[in-house]
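Observations on chain architecture
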There are 2 protein chains.
Amino acid sequence: MKKVVKFGGSSLADAQQFKKVINIIKSDPSRQFIVTSAPGKRYPGDIKVTDLLITYANAVITHKPTENIIDQIFKRYSQIGNEFNVDEAILLDIKQKLLKLQETNFPDNKYLMAAFKAHGERLNAELFAACLNKMKIAARFVDPSEAGILLTDDPDSATVLEKTYENLKKLQFGNEKLVFPGFFGFTEEGLLVTFSRGGSDITGSILARGLKADLYENFTDVDVIYAANPQVVDRPAPIEKLTYREMRELSYAGFTVFNDEAIIPAIQGKIPINVKNTNHPEAKGTLIVSEKGFTPKHKVTGIASSKRFAALYLHRYLLNKEVGFTLKILQILYKYGISYEHMPSGIDDLTIIFDKKQLTDELTKKVCADIKAAVHPDALEWIDDYAIIMVVGEGMRTKVGVIENIIEPLAKNKIAIHMINQGASRISIMIGTRAADADNAVVNIYNNFFKSEAHSKI
Amino acid sequence: MKKVVKFGGSSLADAQQFKKVINIIKSDPSRQFIVTSAPGKRYPGDIKVTDLLITYANAVITHKPTENIIDQIFKRYSQIGNEFNVDEAILLDIKQKLLKLQETNFPDNKYLMAAFKAHGERLNAELFAACLNKMKIAARFVDPSEAGILLTDDPDSATVLEKTYENLKKLQFGNEKLVFPGFFGFTEEGLLVTFSRGGSDITGSILARGLKADLYENFTDVDVIYAANPQVVDRPAPIEKLTYREMRELSYAGFTVFNDEAIIPAIQGKIPINVKNTNHPEAKGTLIVSEKGFTPKHKVTGIASSKRFAALYLHRYLLNKEVGFTLKILQILYKYGISYEHMPSGIDDLTIIFDKKQLTDELTKKVCADIKAAVHPDALEWIDDYAIIMVVGEGMRTKVGVIENIIEPLAKNKIAIHMINQGASRISIMIGTRAADADNAVVNIYNNFFKSEAHSKI
């Protein structure tokens, strides 16, 4: 039995949390491969180390003094290190690495930012290995360069290259714990690049696949994954078990407990994922498994919503008669390096839904102007506050009449639906609304499925 | 008051029908602009003149004897002409034009085919004008070249150029009836090209806009447009009035009574369309109007379905993260001159729906192979029997809970839904099913809306 265990930022925020994590590792010898995040918030209002590192990077870019911010970052590590009595040499090394960052040359500020941010995880892994040693647990820090984690050349949104898995097969180790920093890797040219934010989950998943783990335990600060966002729905039902693809669809639309992209290596390696709570490790957590042999308990497993979208609506007669209409539009998007999310169409209209993350007001204006000039639409409208709601459940494949129960509460509450899209996977229904309507929609859909199922038990 | 009146093929199939049409024209002096189709079927099993002309064209292309087929075509016209005692010179001219076709040089066989087919309408318009004159009604034949009907250079699927409308403004005429052949026009280089099949409706609509008619009467062989295909649903409800865009969405998915593209010039010119029956001209028919001031009587106006589609299903992880994924696919389609109809997507999957008309088995194989090579999907599936069902109604915009009534009967009858798409227009819901399920789906949706509304009247 081999396990990869990943700890989130709040699980490694201070010495107190380090101790909890060490106890978790001690309690199960199969927890050999450990992935660390950067120290997170210790209390509400605290600043995450990653955010401190961004401040540091910006100071360097704008030639501002850096002494204070370096001190502030170092203190986060030294406070933990001192509590564990780690060797002075370790803390000195951490200080040196922090200082060295500002003297390093980077190809451009994107790579600079990537390297600065990555040090949150990197230094934390180094410190954590030292703490384990102090607690008489054999452990060593493994840098992604040693492990051979090779990524695409996208400084802040890299994806893993297949070669990584061959490299991981060759990794040499004995019975000691291996502590990997999450979130980053290197390009084939040796440049440090990071995954998108929350990328430590991805590192854990890659290691689980590459090291052929039996289980990937993902420790965070919630007992379970809930069927809806607890900030939107009052005391939502816990999810004991769900499938990879259910998780993936839910992550896409705002379930941030587990990173969207992190599911893929686990699927490829057929490794179950257990989301657990560092502060409550005896709780079973939520298990994410393959759909093979999975029997859904409910019609709907979860309801997610995300307000991160914008949409472009185009209308032109005989739109879908013209070969190359959409091609022209996609070429414009490609020119500006913009990907789209979905493109539902009617007879004479087309809506293109974007992740707003990639957009600025200026870029939006340029794209709209270029599209107007290229395809001469009869109408063009930019919708800046677009939300996507995903209603997800393996149970939807076999049970009939699910969609009525999704649409009915929205209709009753006069929530305008801009798009309904049932994909080929048939385990989800995607609904587009105005951002302002999204929470209300989730609550009403949730109540219709979960409250009525609760009633039927009585 | 000015009217454009168009007569379909069955309305002009023989002398008997010619007489009915002449009575219709006589009964209302505002019916000044007449558009003719080619003579259609006189009885079940008869061959339409257009199909005879295709046989003639193919004989010429393959260097087969043409004498018999020319005789057969000519007979259709001469039988009518003789019944009206038209001058021998007219019939001789028709014969000469038929004979001349095989001696004309065309840029390629597509233009040849267009010119041959167009003669069905052209000769019928000439003959009809002569018959009107024989009945002491002043009339003259107007060729599209005289009217200035300019089309794009697509031999069998041309669309109208805006210049046409300027040309029509300049057309000289007095009080005589003008008889225009439907279905074709000329490119700016003077080549004869046709609309897609059923294109006489388009000619009528273009003339109605260009000549600023008050009404466009479209005479065919049904009393009204029904809320569903009478071959699928038993005695469907008649539609008294519907909007342009309702008609357009219904035409798209198989309501062939009125041509899909023909609605657009009427919309642009704000000209109401009245679909009427040549064999029953006193019936009010169906009126197609602007949505301004239109009050829908029912939630749903009509339910159409078309089995003319095929679909390509693609699955790949992180599909929508990649800038340019769909672009690569559309470039391949563009290379082969293929347009797509709809492209619904999930998180990691994409379905591309095609009109099968443009596809051959060979082309499909090439497209699939090219897409596989270009984007390396995890899964690729070709679905050759795809149907689209359109449930259309202006009433859906304001009334809630419509979609439940669409989905519920499908769920009850265990009809698998491959796609649900509510477009931005919000007057229609598009549903994708296997072709084999389409009729059953239409019947069930129809019954749910129309039978329950009938009940509620009691």
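Here is what the cut-offs are and how they apply
Residues numbered from 1 in each chain as written. Chains lettered and ligands numbered in written order. Predicted model: local features only at pLDDT ≥ 70, side-chain atom pairs only at ≥ 80, totals over all residues. Heavy atoms only, no water. UniProt positions renumbered as here; feature names shortened; annotations may be inferred. Helix = DSSP H or I, 4+ residues; strand = E, 2+ residues; numbered from the N terminus. Rg over C-alpha atoms; globule rule 2.2 N^0.38 Å. Contact = heavy atoms within 4.5 Å. Areas by Shrake-Rupley, 256 points an atom, 1.4 Å probe, with all protein chains shown as cover. Buried < 20%, exposed > 50% of the residue type's maximum accessible area, 1.4 Å probe, protein only. Polar contact = N/O pair within 3.5 Å; in protein donor to acceptor, adjacent residues only side chain to side chain. Least-squares fit on C-alpha atoms with pLDDT ≥ 70 in both. Pairing = 2+ DSSP bridges. Axes fitted to C-alpha atoms, helices over the stretch in contact; angles between N-to-C directions. Left-handed = near helix turned anticlockwise from the far one by under 90°.

As annotated in an unreviewed UniProt entry, chain A carries the name Aspartokinase and comes from Liquorilactobacillus oeni DSM 19972. Under the UniProt heading Catalytic activity (unreviewed entry), the note attached to chain A is "L-aspartate + ATP = 4-phospho-L-aspartate + ADP".

A tally of regular secondary structure across chain A gives 15 helices and 17 strands. Computed over the C-alpha atoms, the radius of gyration of chain A is 24 Å, within 12% of the 23 Å expected from 2.2 N^0.38 for a compact globule of 458 residues. By principal-axis analysis of the C-alpha atoms, chain A measures approximately 70 × 60 × 40 Å. Pairs at least 24 residues apart make up 76% of the contacts formed inside chain A by residues separated by at least 6 positions. For chain A, the exposed area adds up to about 18900 Å²; of that, 50% sits on carbon and sulfur atoms.

Attention now moves to the environment of Arg122(B). Residues and elements named next belong to chain B. Looking at the element boundaries, Arg-122 is found in helix 5 (residues 109–134). Of the residues examined, Arg-122 reaches a relative accessible area of 18% and is grouped as buried. For the pair Arg-122 and Ala-38, spaced 84 residues apart in sequence, the C-alpha separation works out to 7.7 Å. Excluding residues that lie within four positions of it along the chain, Arg-122 makes contacts with Phe-141, Asp-143, Pro-181, Phe-184, Phe-186 and Leu-192. Engagement of the side chain of Arg-122 in a polar contact is seen with the side chain of Asp-143, the distance being 2.8 Å.

Once that is clear, we can look at the relation of the copies chain B and chain A. The operation relating chain B to chain A is a screw motion whose rotation component is 180 degrees, with 0.0 Å of axial translation and a residual RMSD of 0.0 Å. When the rotation and shift are considered jointly, the pair of chain copies conforms to a two-fold rotation axis. Of every C-alpha in chain B, the one belonging to Glu404(B) sits nearest the axis of rotation, 2.3 Å from it. Comparing contact sets, 100% of the residues at the interface of chain B also lie at the interface in chain A, consistent with an isologous, same-surface contact.

Now for the sheet that holds strand 4 (residues 177–181) of chain A. Residues and elements named next belong to chain A. Taken together, the eight strands give an open sheet; going across it, the order is 3-4-2-1-7-11-12-10, and neighbouring strands pair in mixed fashion. The sheet is open, and its two edges are formed by strand 3 (139–141) and strand 10 (241–243), each paired on a single side. Put simply, the sheet's adjacent strands are angled 20 degrees from each other on average, direction ignored. For strand 10 and strand 12 (residues 286–289), the ladder comprises three bridges, and the chain directions are parallel. Bridge pairing in strand 12 links Leu-242 to Ile-288. Along the sheet face, helix 5 (residues 109–134) touches strand 2 (31–36), strand 3 and strand 4 and points at about 160 degrees away from the line of strand 4.

Below, the discussion takes up the packing of helix 1 (residues 15–26) of chain B against helix 5 of chain B. Axis angle and axis distance: for two packed helices, these are the angle between their axes and the distance between the axes, and together they describe the pair. All names here are of chain B. In contact at an axis separation of 11 Å, helix 1 and helix 5 are set at 65 degrees when each is read in the N-to-C sense. Both helix 1 and helix 5 take part in a crossing whose hand is right-handed. Taken together, the residues of helix 5 that come into contact with helix 1 (itself represented by Phe-18, Val-21, Ile-22 and Ile-25) are Asn-124, Leu-127, Phe-128, Cys-131 and Leu-132.

In this section: the sheet that holds strand 3 (residues 139–141) of chain B. Residues and elements named next belong to chain B. As summarised here, the arrangement of the eight strands in space is 3-4-2-1-7-11-12-10, forming an open sheet in which the pairing is mixed. Of all the strands in the sheet, just strand 3 and strand 10 (241–243) have a single pairing partner and so form its edges. In this sheet, neighbouring strand axes are inclined to one another by 20 degrees on average, regardless of whether the strands run parallel or antiparallel. Bridging between strand 1 (residues 3–7) and strand 7 (residues 215–220) involves five bridges; their strand directions are parallel.

This part covers the UniProt feature "domain: Aspartate/glutamate/uridylate kinase" (unreviewed entry) in chain A. On the UniProt side, "domain: Aspartate/glutamate/uridylate kinase" (unreviewed entry) is annotated at positions that read residues 1–277 of chain A here. Summarising residues 1–277 of chain A: 43% helix, 16% strand, and an end-to-end C-alpha distance of 21 Å.

We now examine the environment of Thr256(A). With respect to the secondary-structure elements, Thr256(A) resides in the loop between helix 9 (244–252) and helix 10 (263–269). Placed 27 residues apart in sequence, Thr256(A) and Asn229(A) show a C-alpha to C-alpha distance of 9.6 Å.

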